[in-house]
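One letter stands for each residue in the lines below.
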Amino acid sequence: MFSFVHRGKSFPYSVVQPGAKKCIVQVDEVCYSTSVGQHVFIICGLLFRTAHPGNGTLNQLEEKDMAYRRYNDENRLITDRDQLQLTNGTEVVIYREDAFHEDIVVDLEGQADRFEELKALIVFVAAKLCEMDCVVQEYDGDEQFAEHYEAAYVSLDASDRIRITYFGVCENTEFDVVFQRVNNDLVLKSFGMAKDIAPDWYIKGAGNQ
């Protein structure tokens, strides 16, 4: 039995990649896969990713700053299309407020008449909300991002364009983050003033690092 050692603590390996012939590492959760095949894992509460696309051997895992996983409470996420409701004329709640966060809504301004048609996309957004927020935190590179900013609402710019508007928690500021949907994957396209983000930004280094 091999083991993975991190900060003096030893953890057992187990297979996590489909079809893997050798043991890799025990993970708490597979967080997401990037568009070029990099895998991101949560291991013992820490965020890791494979250093090279398509290769998950242990010596090619590199530790990343832990993204604070929020907006993932299944009791507050609304991912059942039959539970979606249009309120205030244009808003659809996808995450009910908790002790730390306000409601998060999809704003259908100018598209409210397509509510039924857009339900499948809204459910997709709700299911991917935590994942997108983790990507945003990793791109920003600030370990305290989650303390300073929170997702306020989501806009559907197109069938394949999802825009999340973030508000400042301690200061009056806001900015948009745009993702492109490619099948069931999401690609970060813009972050605030940064446009046309390269697909391999996570290999070269996050935006503010």
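Draft legend 1. Focus on the side chain of Lys128. Counting through the fold element by element, Lys128 comes out in helix 1 (residues 115–140). A distance of 3.2 Å separates a polar atom in the side chain of Lys128 from the backbone oxygen of Asn184. Here Lys128 is in contact with Asn184 and Leu186, once residues within four sequence places are set aside.

Draft legend 2. Region of interest: the nonpolar core. Counting 41 residues, the largest nonpolar core has Ile94, Val106, Ile122, Leu156, Tyr166 and Phe179 as the members making the most contacts within it. It is helix 1 that contributes the most residues to this core, 13 residues altogether.

Draft legend 3. Inspection of the pattern of salt bridges at higher detail. All chains considered together, the criterion is met by seven salt bridges. Its salt-bridge partner being Arg163, residue Asp157 comes within 2.9 Å of it at the nearest N-O pair. Judged by relative accessible area, Asp157 falls into the partly exposed class, the value being 41%. Note on Arg163: relative accessible area 22%, which makes it partly exposed. One connected set of salt bridges, linked through shared partners, spans Asp157, Arg163 and Asp176.

Draft legend 4. Local environment of the packing of aromatic side chains. What the rule picks out here adds up to ten aromatic pairs. Here the aromatic rings of Tyr139 and Phe191 are separated by 5.1 Å at their centres, their planes lie at 40 degrees, and the arrangement is tilted. Residue Tyr139 is found in helix 1, and its partner Phe191 is found in strand 13 (residues 185–191); the two are separated by 52 residues along the sequence. The residues Tyr139 and Phe191 share a single accessibility class, namely buried. Counting every residue linked through ring pairs, the aromatic cluster contains Tyr139, Phe145, Tyr149, Tyr166, Phe175, Phe191 and Trp201. Just above the ring of Phe124 sits the side chain of Arg181; from NZ or CZ to the centre is 3.8 Å.

Draft legend 5. Molecular detail of the environment of Arg81. Residue placement: Arg81 occurs in the loop between strand 6 (61–64) and strand 7 (86–87). Separated by 35 residues in the primary sequence, Arg81 and Glu116 place their C-alpha atoms 9.1 Å from one another. Sequence-distant contacts of Arg81, defined by excluding residues within four places in its chain, comprise Glu116, Lys119, Ala120 and Val123.

Draft legend 6. A look at the sheet that holds strand 10 (residues 149–158). Taken together, the seven strands give an open sheet; going across it, the order is 7-8-9-10-11-12-13, and neighbouring strands pair in mixed fashion. Lying at the two open borders of the sheet, with one neighbouring strand each, are strand 7 and strand 13. Pairing analysis gives two bridges linking strand 7 to strand 8 (residues 91–95), with the strands arranged antiparallel. Across the sheet, the residue bridging to Leu86 is Val92, located in strand 8. Strand contacts of helix 1: strand 7, strand 8, strand 9 (104–107), strand 10, strand 11 (161–168), strand 12 (174–182) and strand 13, with the helix running at about 65 degrees to strand 13, the strand carrying the most contacts.

Draft legend 7. Inspection of unusual backbone geometry at higher detail. If you check the backbone angles, Asn183 has positive phi at about 60 degrees while not being a glycine. Its location among the elements puts Asn183 in the loop between strand 12 and strand 13. Asn183 sits in the exposed class, given a relative accessible area of 66%. Even without being glycine, Asp196 reaches a positive phi, approximately 50 degrees. By the element assignment, Asp196 lies in the loop between strand 13 and helix 3 (201–204). Of the residues examined, Asp196 reaches a relative accessible area of 71% and is grouped as exposed.

Basis of the calculations
- Residues numbered from 1 in each chain as written.
- Predicted model: local features only at pLDDT ≥ 70, side-chain atom pairs only at ≥ 80, totals over all residues.
- Heavy atoms only, no water.
- Helix = DSSP H or I, 4+ residues; strand = E, 2+ residues; numbered from the N terminus.
- Polar contact = N/O pair within 3.5 Å; in protein donor to acceptor, adjacent residues only side chain to side chain.
- Contact = heavy atoms within 4.5 Å.
- Core = buried A, V, L, I, M, F, W, Y, C linked by side-chain atoms within 4.5 Å.
- Buried < 20%, exposed > 50% of the residue type's maximum accessible area, 1.4 Å probe, protein only.
- Salt bridge = Lys/Arg side-chain N within 4 Å of Asp/Glu carboxyl O.
- Phe/Tyr/Trp six-rings, centres within 6.5 Å; stacked < 30°, edge-to-face > 60°.
- Lys NZ or Arg CZ within 6 Å of the ring centre and 35° of its normal.
- Pairing = 2+ DSSP bridges.
- Axes fitted to C-alpha atoms, helices over the stretch in contact; angles between N-to-C directions.

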